[in-house]
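What follows is the residue order along each chain.
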There are 6 protein chains.
Amino acid sequence: MRSDGRQPSELRPFAVTLHPNKYAEGSVLIEMGDTKVLCTATIDEKVPPFLKGQGKGWVTAEYSMLPRATQTRNQRESIKGKLGGRTMEIQRLIGRALRSVVNLEALGERTITLDCDVLQADGGTRTTSITGAFIALALAVHKLSVAGKLARYPLTDYLASVSVGVLGGQALLDLNYEEDSKAKVDMNVVMTGGGAFVEVQGTGEESPFSRDEMNRMLELAEAGIGRLVALQKEALGEAGARIGGNPA
Amino acid sequence: MRSDGRQPSELRPFAVTLHPNKYAEGSVLIEMGDTKVLCTATIDEKVPPFLKGQGKGWVTAEYSMLPRATQTRNQRESIKGKLGGRTMEIQRLIGRALRSVVNLEALGERTITLDCDVLQADGGTRTTSITGAFIALALAVHKLSVAGKLARYPLTDYLASVSVGVLGGQALLDLNYEEDSKAKVDMNVVMTGGGAFVEVQGTGEESPFSRDEMNRMLELAEAGIGRLVALQKEALGEAGARIGGNPA
Amino acid sequence: MRSDGRQPSELRPFAVTLHPNKYAEGSVLIEMGDTKVLCTATIDEKVPPFLKGQGKGWVTAEYSMLPRATQTRNQRESIKGKLGGRTMEIQRLIGRALRSVVNLEALGERTITLDCDVLQADGGTRTTSITGAFIALALAVHKLSVAGKLARYPLTDYLASVSVGVLGGQALLDLNYEEDSKAKVDMNVVMTGGGAFVEVQGTGEESPFSRDEMNRMLELAEAGIGRLVALQKEALGEAGARIGGNPA
Amino acid sequence: MRSDGRQPSELRPFAVTLHPNKYAEGSVLIEMGDTKVLCTATIDEKVPPFLKGQGKGWVTAEYSMLPRATQTRNQRESIKGKLGGRTMEIQRLIGRALRSVVNLEALGERTITLDCDVLQADGGTRTTSITGAFIALALAVHKLSVAGKLARYPLTDYLASVSVGVLGGQALLDLNYEEDSKAKVDMNVVMTGGGAFVEVQGTGEESPFSRDEMNRMLELAEAGIGRLVALQKEALGEAGARIGGNPA
Amino acid sequence: MRSDGRQPSELRPFAVTLHPNKYAEGSVLIEMGDTKVLCTATIDEKVPPFLKGQGKGWVTAEYSMLPRATQTRNQRESIKGKLGGRTMEIQRLIGRALRSVVNLEALGERTITLDCDVLQADGGTRTTSITGAFIALALAVHKLSVAGKLARYPLTDYLASVSVGVLGGQALLDLNYEEDSKAKVDMNVVMTGGGAFVEVQGTGEESPFSRDEMNRMLELAEAGIGRLVALQKEALGEAGARIGGNPA
Amino acid sequence: MRSDGRQPSELRPFAVTLHPNKYAEGSVLIEMGDTKVLCTATIDEKVPPFLKGQGKGWVTAEYSMLPRATQTRNQRESIKGKLGGRTMEIQRLIGRALRSVVNLEALGERTITLDCDVLQADGGTRTTSITGAFIALALAVHKLSVAGKLARYPLTDYLASVSVGVLGGQALLDLNYEEDSKAKVDMNVVMTGGGAFVEVQGTGEESPFSRDEMNRMLELAEAGIGRLVALQKEALGEAGARIGGNPA
């Protein structure tokens, strides 16, 4: 049994509050246990210079933690004057993952920026950000669709993410901070609603891991992401109805 | 009558949620109408280099807006690589204002940092930050006191802030964004619970103002801050009982 | 009596040298006691991007202190790699104050940049910068006018600034550095030639202040600024003749 | 058959030049096809602040590409004034991977920095950097050992890395740039000499991938890394004799 | 005859105002024609980290131009966020040149920083800065000496600098901006009072130059610097009496 | 006799490897003793903004040292976030020197960027960079010429550079690092194939130098550069045939 009483294959309590922000085209407050991330989607009717005139849109993400999202306070990156390596790595991951389920031609020449701001962190902030950012993205795309601005529906599938790890010889799903800091292996998995892999990032800095351990982690991740996608569908309701209806 | 139906001397709906953050030594989510600011207080058991060995503590503040706190998205200052002038001005103001009611000797050689992160902005973010940051500060100081770490109580008074302005010849209290952008004069006032002025910052870029207009604005501000201090007292309850009991 | 022998309501010796710089469209060396600021006005026949095509001009300011303008040497901000909060706050204030007496439509699509470089600092550098920058601005506008480039005269009034404070229970005008560092309250006031307020910034970090103290300071400021405006008129002579002749 | 005539499971020509730099404690020029990376190891007899006094050493890496390592010239990051996200991600990966086979206690309170400078890039620069950096690290550790500075041997195993991908339905080993830019999936794998996984990073931005595709890629990677480790052993010869002789 | 009526071997009018700054340990306003540089010397009773504990002092320089020192306004380097290459080159030159006549052991463990701020530029700002900075340095050293803080006198000789060039086939001394921008060769020469070379920097970007042209320029420079040193002696008077009395 | 057995007027062993980089329009690895510099030339079919529409091209250079090019490791400038003064000075020198033998009109509206990356440093990196960069530039221009893109040949002469110094009263050619760090005078000389001076930069920070010493150094430099130009001709062969055939 885990320190918070969960089974190895059990997700933490999951909560979603839609529309916490009155300005954003899509927004969600997502909670996985004590990890809380505010995700907003902003639609901008133009694309970055490298895409101009190609008839395609763009989806990108930014990630940040409030200074006191963690046990000890972190200095703001605005004061350091630059983004740290961890932040860059995470926001590149979120953007890349989301784009894997977006038909950029169908989106048209516009950019959707997903801001993932971690209000409180207790492990799994990058995976929770992906799961939440997908919901905010879906709300924004739904808004475009309702406004008649989309000829084809650009979301080709659902997308969610979870962390898995090995701790005390046991594969565990959805690690909290305490587990994460003790785990010998840590893996972040992003999958589509259809069950395909989008990202697999496993790290065994403390201790290399075997093929068998990887397989056990992947199985937990598959099951966990299946449940997260079901929760996303429930949260989005009608706003998610057209997702995947128009495969790329 | 104002666009949101308020009287000229009426504050917007005020809400305070204590302890929204499980790590910070003090935290509050403060709402003035649609302006929402998350304020956390972090205690650090050391002081900045310029104060070392003087037996005094320090109180400082940082201010930031989430990118989509506003109608259109703002670029993050971490990505610009530096703080803008507006941010610096505001966080210097918040820190200075809070220190006016702190006996730094009584605080002892420790630093309290107030982070004011604006989740949603609808005018008055700097004044709301001051009002909220005082509550978070009071919670953190109370915690120190309960832990027996304070010989004397360092908070010498309550502190709150509000904006006032002149619009259409009429002095108005607590401007929302729409009013603020149309006002000919804009003034931010910070006062103590005892009714003394800590900061008065009036700007008539659009149109210079008269002594009489200033007086009318100051009267509205005095009354409004009086009500805000009453609301702070109610929110803090027992945690605010010793404030001012040990004047500097 | 004050340490330099002045009366509470007495300004420091005031001196103005016109045209110290042979390239600038307007320039002045202004001295208030030992505070010396070189102010130059540069006219650029274009406007910042946010004003393009609106038929309006822009007036902006930059402020800097030479490293040894003060008793101990300050590191250059060019070497720190960024402007400090104090610098940003001051240059925003100078620009905002000057714009309050400029009819930007009458100025036409051009930018006037006022550079205020403090050669020596002895208190009141921001207020002296405003008073001097107005003269440099007036010289530059006069030059445009003489060259027949202005249909309407864009300066709607004179503008000057002074500091006031409370020290030892006494309200004092035009504080020098020694007084400023001991004062319990410090207020910077900017007013037009016509006696209206443009900026009032009072700070009581050391000690909150009463409405009565504010009133006494404002009275000193009004009288002092009246004298400064008279001195500006004398210095500008014919070059100031059309100021205010064409109210916005 | 691949564009350069290789079999799907075939590595590109591999070449190693030891000691290309006369100053570094270890250095190697590694070539995988047209990808050429200069790796140097620098020993510094102290540790970063966060490790001080713990009796442990540190291994870290930096990665950079010369501006014309690629088909079109890239701007230097020193001129941009900051490291890009890709650079940070790669150098964090290299450092983390190397540390997985270093017993930091056995290394003692010293830091080894691996500089990986890409002279020419044709795909797989990060994996080639890891394979080369391990050799440079081993040379530096050997030098410490020969000098009698190590009580225990700190390298617990060999370490190498390779990329794999799926292109045209076929899993391919060691992608060159042309293949990499067309592949639907791209995976970087780092493994120990003993065959355990240290990092697995698979990305399907263009197209999500199946468990079966992942398995086929991992098999190619395992075989390829086995061959790279054999080549490392041959290159290091006697200098690699004690690696793994003293497991953590 | 030159555009300003000078002979080829004639210096521009030279003026020196001592002590323009009331705080600095040494200060001078130097004018060579319309080029005006304010030079201040600051004594700091400590040395940079690389010199700590060696019983030696340090002399360094910083150089900057006010934004409107030139015909068109230059952006401040504090706003660009970094020093330009030209600034760095010049301030390295000034510091290096000054140190050539300072016995750093005799100076003792203290740093003298020379700030050279160009108020107005009309060619030769770097050479004028050197000539002026030497005077400010001599004043500061004299002050140390008078205060009894120096066992030996650290200045081993006078030092001055001038520019020379070739224009229309004619070698010219002390070029103003107009001449400088048309010259085919431009050379800056720094020499000691004793007539030895400290720096020779000749550049023929527009047109390479011959050994004969170099010789003619060096002769002009030698004569010009001789006259500048005489002027420095006159300006310093008694404060320069011990210079060179204690050769290194 | 010198520490490495050379005569005072003897160059170090000189080696040139053409085309070490498969992408660059011109590239060379140049070695002067243990100093090794990789020089690449990149042609870009546009010019910097300040040259747009003038029918002229541009030649510029960048210089960098790998972190472990030297005996002790240097921090990367990309991590410091800015170029140091020495780097800026050197790359400005390289660009300026190269432009002195380029007819920019004949080059046409294109930019050639020379990247000089020091792989190993043993004195004379800036002079070796110039000598090598000229070869890379000549290869790139030859390529343009062969492709029929040049109406006139833009290279007006050969260009090479060497250092000279005075050590133990003896003038020496081509100093290595050990000699350079002990020399009382250090001079870098750039000359054309025709024997004219392009840059002369002599520095006597440790000890001022006489006209006679300068003359002896210049003579050594002239002879040394003559030999370097002969070696450049040999290395370029046919690719250098048109250099100087079309004087500016």
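Residues numbered from 1 in each chain as written. Chains lettered and ligands numbered in written order. Predicted model: local features only at pLDDT ≥ 70, side-chain atom pairs only at ≥ 80, totals over all residues. Heavy atoms only, no water.

**Side note on the packing of aromatic side chains**
And then number 1: Counted according to the given criterion, the structure contains 18 aromatic pairs over all chains.
And then number 2: Taken together, a centroid distance of 5.2 Å and an interplanar angle of 90° make the contact between Phe50 of chain C and Trp58 of chain C edge-to-face.
And then number 3: Exposure remark for Trp58 of chain C: the relative accessible area of 18% places this residue in the buried category.
And then number 4: Centre to centre, the rings of Phe134 of chain C and Tyr158 of chain C are 5.4 Å apart; their planes meet at 45°, and the pair counts as tilted. Of this pair, Phe134 of chain C sits in helix H4 (residues 125-146) while Tyr158 of chain C sits in the loop between H4 and strand E6 (159-167), placing them 24 residues apart in sequence. By the burial criterion, Phe134 of chain C is buried, and Tyr158 of chain C matches it.
And then number 5: Lys233 of chain D extends its terminal NZ or CZ atom over the ring of Tyr158 of chain D, reaching a point 5.2 Å from the ring centre. (Phe/Tyr/Trp six-rings, centres within 6.5 Å; stacked < 30°, edge-to-face > 60°. Buried < 20%, exposed > 50% of the residue type's maximum accessible area, 1.4 Å probe, protein only. Helix = DSSP H or I, 4+ residues; strand = E, 2+ residues; numbered from the N terminus. Lys NZ or Arg CZ within 6 Å of the ring centre and 35° of its normal.)

**Considering helix H6 (residues 211-236) of chain D**
And then number 1: For H6 of chain D, spanning 26 residues, the distance from its first C-alpha to its last is 37 Å, which sits close to the expected 38 Å at 1.5 Å a residue.
And then number 2: A positive phi of about 55° marks Gly237 of chain D, the residue just after H6 of chain D. (Expected span 1.5 Å × (residues − 1).)

**Describing the UniProt feature "domain: Exoribonuclease phosphorolytic" (unreviewed entry) in chain A**
Residue and element names in this part refer to chain A.
And then number 1: UniProt records the feature "domain: Exoribonuclease phosphorolytic" (unreviewed entry) for residues 10-140 and 157-223 in the present numbering.
And then number 2: Across residues 10-140 one finds 30% helix and 31% strand; the C-alpha atoms that close the span lie 30 Å apart.
And then number 3: Overall, residues 157-223 shows 28% helix and 42% strand. The separation of its end C-alpha atoms is 17 Å. (UniProt positions renumbered as here; feature names shortened; annotations may be inferred.)

**Considering the sheet that holds strand E1 (residues 14-18) of chain F**
All names here are of chain F.
And then number 1: If you walk across this open sheet you meet the five strands as E1-E2-E3-E5-E4, and the pairing is mixed. Looking at the sheet topology across the chains shown, the edges are occupied by E1 and strand E4 (58-65). Adjacent strand axes in the sheet meet at a mean angle of 20° when their direction is disregarded.
And then number 2: Pairing analysis gives nine bridges linking strand E3 (residues 35-44) to strand E5 (residues 111-120), with the strands arranged antiparallel. Across the sheet, the residue bridging to Asp44 is Thr111, located in E5.
And then number 3: On the sheet, helix H4 (residues 125-146) packs against E1, strand E2 (26-32), E3, E4 and E5 and is oriented at approximately 35° with respect to E3. (Pairing = 2+ DSSP bridges. Axes fitted to C-alpha atoms, helices over the stretch in contact; angles between N-to-C directions. Contact = heavy atoms within 4.5 Å.)

**Points about the interface of chain B and chain A**
And then number 1: Opposite the 36 residues of chain B that make contact, chain A presents 36 residues.
And then number 2: Buried surface at the junction of chain B and chain A, both sides included, amounts to about 2900 Å², of which 48% is carbon and sulfur.
And then number 3: Its largest share of buried area at the contact with chain A, chain B owes to Tyr23, Arg68 and Arg76 of chain B, together 26% of the area lost on that side.
And then number 4: Our count for the contact surface shared by chain B and chain A stands at 16 salt bridges.
And then number 5: A salt bridge links Lys22 of chain A to Asp34 of chain B; the shortest N-O distance between them is 2.7 Å.
And then number 6: Between the two partners, chain B and chain A, sit 24 residue pairs in polar contact (both at pLDDT 80 or more).
And then number 7: Put simply, the parts of the chain that give the side of chain B that touches chain A at least two residues each are strand E3 (35-44), strand E4 (58-65), helix H1 (77-80) and strand E5 (111-120) of chain B.
And then number 8: Residue contributions to the side of chain B that touches chain A peak at six residues, all from E5 of chain B. (Buried area = accessible area lost by both parts, 1.4 Å probe. Salt bridge = Lys/Arg side-chain N within 4 Å of Asp/Glu carboxyl O. Polar contact = N/O pair within 3.5 Å; in protein donor to acceptor, adjacent residues only side chain to side chain.)

**Some points on the relation of the copies chain B and chain A**
And then number 1: Mapping chain B onto chain A is achieved by rotating through 180° and translating by 0.0 Å along the same axis, at an RMSD of 0.0 Å. With respect to symmetry, the two chain copies, as superposed, fit the operation of a two-fold axis. No C-alpha of chain B lies nearer the rotation axis than that of Ser78 of chain B, which sits 1.8 Å from it.
And then number 2: Of the residues that chain B buries at the interface, 100% are likewise interface residues in chain A, meaning the two copies contact each other through the same surface. (Least-squares fit on C-alpha atoms with pLDDT ≥ 70 in both.)

**Quick notes on empty space enclosed by the protein**
And then number 1: The final tally for this structure, using the stated rule, is nine cavities of 30 Å³ or more.
And then number 2: When its volume is computed, the largest cavity comes out at roughly 60 Å³.
And then number 3: As for the largest cavity, its lining consists of Asn21, Leu38, Thr40, Asp115 and Asp117 of chain A together with Leu66, Pro67, Arg68, Ala69 and Leu119 of chain B.
And then number 4: For the lining of the largest cavity, the elements supplying multiple residues, two or more each, are strand E3 (35-44) and strand E5 (111-120) of chain A.
And then number 5: Looking at the lining of the largest cavity, its residues break down into five nonpolar, two polar and three charged. (1 Å grid on protein atoms, 1.4 Å probe; cavity = no way out; pocket = protein on both sides within 12 Å on 5 of 7 lines; lining within 4 Å. Points joined across faces, edges and corners; volume = space filled by probe spheres on them. Nonpolar A, V, L, I, M, F, W, Y, C, P; charged D, E, K, R; others polar.)

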